[in-house]
Amino acid sequence: MAYDLEEQEKLEALKAWWERYGTLATTIVVIAALAVAGWSGWRGYQGYRANQAMGYFEALEDAARGVNGPGGADAATRIKAASDTLRRDYGSTAYASRGVLIAAQALQEKKDYSGAQRELQWLAASKDHAALQPVARLRLAGLLLDQKHYDQALAQLADPPAAFAALFADRRGDILAAQGKRDDARAAWQSAMAAMPAGDALKQIIQLKLDALSGA
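Please read all numbers here as calculations on a predicted model, not as lab measurements.

### Description of the overall build of the chain
Counting secondary structure elements, the chain contains 9 helices and 0 strands. Helices (α) and strands (β) of the chain occur, in sequence order from the N terminus, as α-α-α-α-α-α-α-α-α. A total of 216 residues make up the chain; the buried ones form 34% of that total. In the chain, 50% of the contacts between residues at least 6 apart in sequence involve partners at least 24 apart. Entry remark: accessible area of the chain is about 12900 Å², with carbon and sulfur atoms responsible for 57%.

### Digging into the nonpolar core
Membership of the largest hydrophobic core comes to 36 residues, with the highest contact counts inside it found for Leu 60, Ile 79, Leu 86, Leu 120, Leu 157 and Ile 175. At the level of elements, α1 (2-65), α2 (72-89), α3 (94-109), α4 (113-125), α5 (133-146), α6 (150-156) and α7 (165-178) are the ones that each hand at least two residues to this core. In this structure, Ala 169, Ala 188, Met 196 and Leu 213 belong to the second largest nonpolar core, which totals 13 residues.

### Digging into the pattern of salt bridges
Applying the stated criterion across every chain, the model contains 11 salt bridges. For Arg 65, the salt bridge identified is with Asp 62, shortest N-O distance 3.8 Å. With Arg 65 and Asp 62 both in helix α1, this residue pair falls 3 residues apart, about one helical turn. In this structure Arg 65 comes out as exposed when scored by relative accessible area, which is 63%. Judged by relative accessible area, Asp 62 falls into the partly exposed class, the value being 43%. Between Asp 174 and Lys 209 there is a salt bridge, with its nearest N and O atoms 2.8 Å apart. In this pair, Asp 174 sits in helix α7 while Lys 209 sits in helix α9 (residues 202-215), placing the two residues 35 residues apart along the sequence.

### Overview of the environment of Ala 103
You can see Ala 103 is positioned in helix α3. Considered as a pair, Ala 103 and Glu 119 are 16 residues apart in the sequence and their alpha carbons are 7.1 Å apart. In contact with Ala 103, not counting residues within four places along its chain, are Leu 60, Ile 79, Ser 83 and Glu 119.

### Regarding the packing of aromatic side chains
The tally for this structure, following the rule as stated, stands at 3 aromatic pairs. Plain terms: the ring middles of Tyr 56 and Tyr 90 are 6.0 Å apart, the flat faces sit at 35° to each other, and that makes the pair tilted. In this pair, Tyr 56 sits in helix α1 while Tyr 90 sits in the loop between α2 and α3, placing the two residues 34 residues apart along the sequence. Consider the rings of Phe 57 and Tyr 95, whose centres lie 5.6 Å apart with planes at 50°: the pair is tilted. Taken as a pair, Phe 57 in helix α1 and Tyr 95 in helix α3 lie far apart in primary sequence, 38 residues in all. On the basis of relative accessibility, which here comes to 4%, the residue Phe 57 falls in the buried class.

### A word on the packing of helix α8 (residues 182-195) against α9
Across the interface, α8 lies against α9 with an axial gap of 10 Å and an inter-helix angle of 160°. Taken together, α8 and α9 sit at an angle that is classed as roughly antiparallel. Seen from above, α8 lies across α9 with left-handed handedness. Only Lys 203, Ile 206, Gln 207, Lys 209, Leu 210, Leu 213 and Ser 214 of α9 make contact with α8, whose side of the interface consists of Arg 182, Ala 185, Arg 186, Trp 189, Gln 190, Ala 192 and Met 193. Taken together, the residues of the contact of α8 with α9 break down into 7 nonpolar, 3 polar and 4 charged.

### Points about the side chain of Asp 170
In this fold, Asp 170 is placed in helix α7. Residue Asp 170 is classed as buried on the basis of its relative accessible area, which comes to 8%. Residues within four places of Asp 170 in sequence aside, it is in contact with Trp 189, Ala 192, Leu 202, Ile 206 and Lys 209.

### Let's talk about α7
Along its 14 residues, α7 runs 20 Å from first to last C-alpha, staying within 8% of the 20 Å computed at 1.5 Å per residue. Buried within α7 are the following residues: Ala 166, Phe 168, Ala 169, Asp 170, Gly 173, Asp 174, Ile 175 and Leu 176. Buried-residue contacts for α7 involve α5, α6, α8 and α9. A positive backbone phi angle near 85° is found at Gly 180, which sits one or two residues after α7.

The rules behind each value
- Residues numbered from 1 in each chain as written.
- Predicted model: local features only at pLDDT ≥ 70, side-chain atom pairs only at ≥ 80, totals over all residues.
- Heavy atoms only, no water.
- Helix = DSSP H or I, 4+ residues; strand = E, 2+ residues; numbered from the N terminus.
- Buried < 20%, exposed > 50% of the residue type's maximum accessible area, 1.4 Å probe, protein only.
- Contact = heavy atoms within 4.5 Å.
- Areas by Shrake-Rupley, 256 points an atom, 1.4 Å probe, with all protein chains shown as cover.
- Core = buried A, V, L, I, M, F, W, Y, C linked by side-chain atoms within 4.5 Å.
- Salt bridge = Lys/Arg side-chain N within 4 Å of Asp/Glu carboxyl O.
- Phe/Tyr/Trp six-rings, centres within 6.5 Å; stacked < 30°, edge-to-face > 60°.
- Axes fitted to C-alpha atoms, helices over the stretch in contact; angles between N-to-C directions.
- Parallel < 35°, antiparallel > 145°, perpendicular 65-115°, else oblique.
- Left-handed = near helix turned anticlockwise from the far one by under 90°.
- Nonpolar A, V, L, I, M, F, W, Y, C, P; charged D, E, K, R; others polar.
- Expected span 1.5 Å × (residues − 1).

Below you can see the structure in the form of structure tokens.
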């Protein structure tokens, strides 16, 4: 009989607890289940998007390989279409930034400078790809230099990240030398040399530029 009373007390306590906290407990369980389902769904959606982006990236790569062949004009069109889709619909993915660099290189080889410039400008301004922004700025400055847009080229080299200081200074020297500003070019190249480690192979190239400048 004592055992029955003890069981009854436990049941009464459980009932009282459920009346007080049952709705809250159910709500927590439901929220947790929805969170797990939502997370799984989100991961599945992200995986789907990654696969889609990879498809466009591979199409862009394939077109870039044929840009200098007999079907170069068609390849350039396909490059632009694939890159446009990557930038528009998958702009935060790594496929977009990598695709832009490939597209810009291929279009520049095709002498489609405006197309290459558009690609690089997007990446240079993209906050989603901070690690590759300096690469895009450096390449964009070189592209603008080739077109003799010196002021625009120099603007791309303002406030360089520390890791790119030497490369930016070297490119700045190229632009200043093209403008005929020999002293400024020399200062830029010397700055680049000073920022490079002792064994950097680029130092030899910059030294050749300095030697050529002195002999001019």
